[in-house]
Amino acid sequence: MVLTTDRLLLRLWRDADVAPFVALNADPAVTEYLPGPVTPEQAVQFFSAQNAMHARHGCCYFAAELKETGELAGFVGLKYQDFATSFAPCHEVGWRLASRHWGKGLASEGARAALRFGFGRLGLHEIMSFTVAENARSRRVMERLGMVRDPDGDFAHPALPVEHPLSQHVPYRLPRAAFGT
Ligand SMILES: CC(C)(COP(=O)(O)OP(=O)(O)OC[C@H]1O[C@@H](n2cnc3c(N)ncnc32)[C@H](O)[C@@H]1OP(=O)(O)O)[C@@H](O)C(=O)NCCC(=O)NCCS
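What counts, and where the lines are drawn
- Residues numbered from 1 in each chain as written.
- Predicted model: local features only at pLDDT ≥ 70, side-chain atom pairs only at ≥ 80, totals over all residues.
- Helix = DSSP H or I, 4+ residues; strand = E, 2+ residues; numbered from the N terminus.
- Rg over C-alpha atoms; globule rule 2.2 N^0.38 Å.
- Buried ≥ 20, exposed ≤ 12 C-beta atoms within 10 Å, placed from the backbone.
- Contact = placed C-beta atoms within 7 Å.
- Expected span 1.5 Å × (residues − 1).
- Arc of directions from axis to C-beta.
- Pairing = 2+ DSSP bridges.
- Core = buried A, V, L, I, M, F, W, Y, C linked by C-beta atoms within 7 Å.

A. A look at the overall build of the protein. What the protein contains, in helices and strands, is 4 helices and 9 strands. Secondary structure elements in the protein, listed N-terminal to C-terminal, are β-β-α-α-β-β-β-α-β-α-β-β-β. Relative to the 2.2 N^0.38 estimate, which gives 16 Å for 181 residues, the radius of gyration of the protein is 15 Å and therefore close to what a compact globule would have. Judged by the C-alpha coordinates and their principal axes, the protein covers about 40 × 40 × 35 Å. For the protein, the residues scored as buried account for 33% of the 181 residues in total. The contacts in the protein between residues at least 6 apart in sequence include a share of 59% that link residues at least 24 apart.

B. A look at helix α2 (residues 40–57). Its 18 residues give α2 an end-to-end C-alpha distance of 25 Å, which sits within 8% of 26 Å, the value for a rise of 1.5 Å per residue. Within α2 the residues assigned to the buried category are Phe47, Gln50 and His54. Seen end-on, α2 carries its buried residues on one side only, within an arc spanning 65 degrees. Away from the buried face of α2 by more than 90 degrees, exposed residues Glu41, Gln45, Ser48, Ala52, Ala55 and Arg56 are located.

C. Representation of the pairing of strand β2 (residues 8–11) in the model. Because side chains alternate across β2, one face comprises the buried residues Leu8 and Leu10, and the other comprises Leu9 and Arg11, none of which is buried. Counted along the chain from strand β1 (residues 3–4) to the antiparallel partner β2, the turn is 3 residues long. Sheet analysis places β2 next to strand β3 (residues 61–66), joined by 4 bridges and oriented antiparallel. Along β3, the bridge assignment pairs arginine 11 with alanine 63.

D. A look at the nonpolar core. Ranked by size, the top nonpolar core spans 42 residues in total, and within it Phe62, Ala64, Val76, Ala111, Ala114 and Leu115 carry the most contacts. Looking at which element gives the most residues to this core, the answer is helix α3 (residues 106–119), with 8 residues. Leave out the neighbours within four places in its chain, and phenylalanine 62 touches Val2, Leu3, Leu10, Arg11, Phe75, Val76 and Gly77.

Dropping the structure here:
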């Protein structure tokens, strides 16, 4: 386990997370603005990539477990991004929850812990976030965290062909000085 909040444990990934992770990504509401769904093999690859990122960079998208029940709610965390954009390398705060756990403030709660960790323990000067423009829920989380859209920063996600409907992304920035607690 790496971080705790009132309601969440943010921890590294385990084999037992495969089934709930595949299930939450099989929900079209969850993947409306993401490439999906996810096969069990892709889940295993994702887990090992996140755990390896944590070993190398000290952060990753952490498995977000509900303290009360032990259920995997999804992920929240910081990803080291070195893809081909004008603002990379950077650290990105990101989230994905099973839709039954939306509307409870869990993504914001986990993200605040991830930001504290990034600005504190990792000593970062700025943390970014980005999403497709239409993903209003995700943008609301960014705004709730005090992140501000970079008006000149819209970009085509390098992992997708430029003609892909999810290609165009809007970036948000949070400098350390603008983060409360
Ligand atoms: C993006 C995503 C994580 C946002 O989840 P969310 O539950 O809307 O976000 P939060 O955890 O910040 O919760 C905020 C909502 O909970 C409500 N809420 C209830 N209790 C709360 C509390 N204690 N604290 C804060 N908010 C609370 C807020 O009023 C808000 O409601 P609203 O949606 O009506 O405005 C979720 O929609 C998701 O997983 N989407 C699919 C994956 C995805 O698109 N990921 C992002 C890719 S860039």
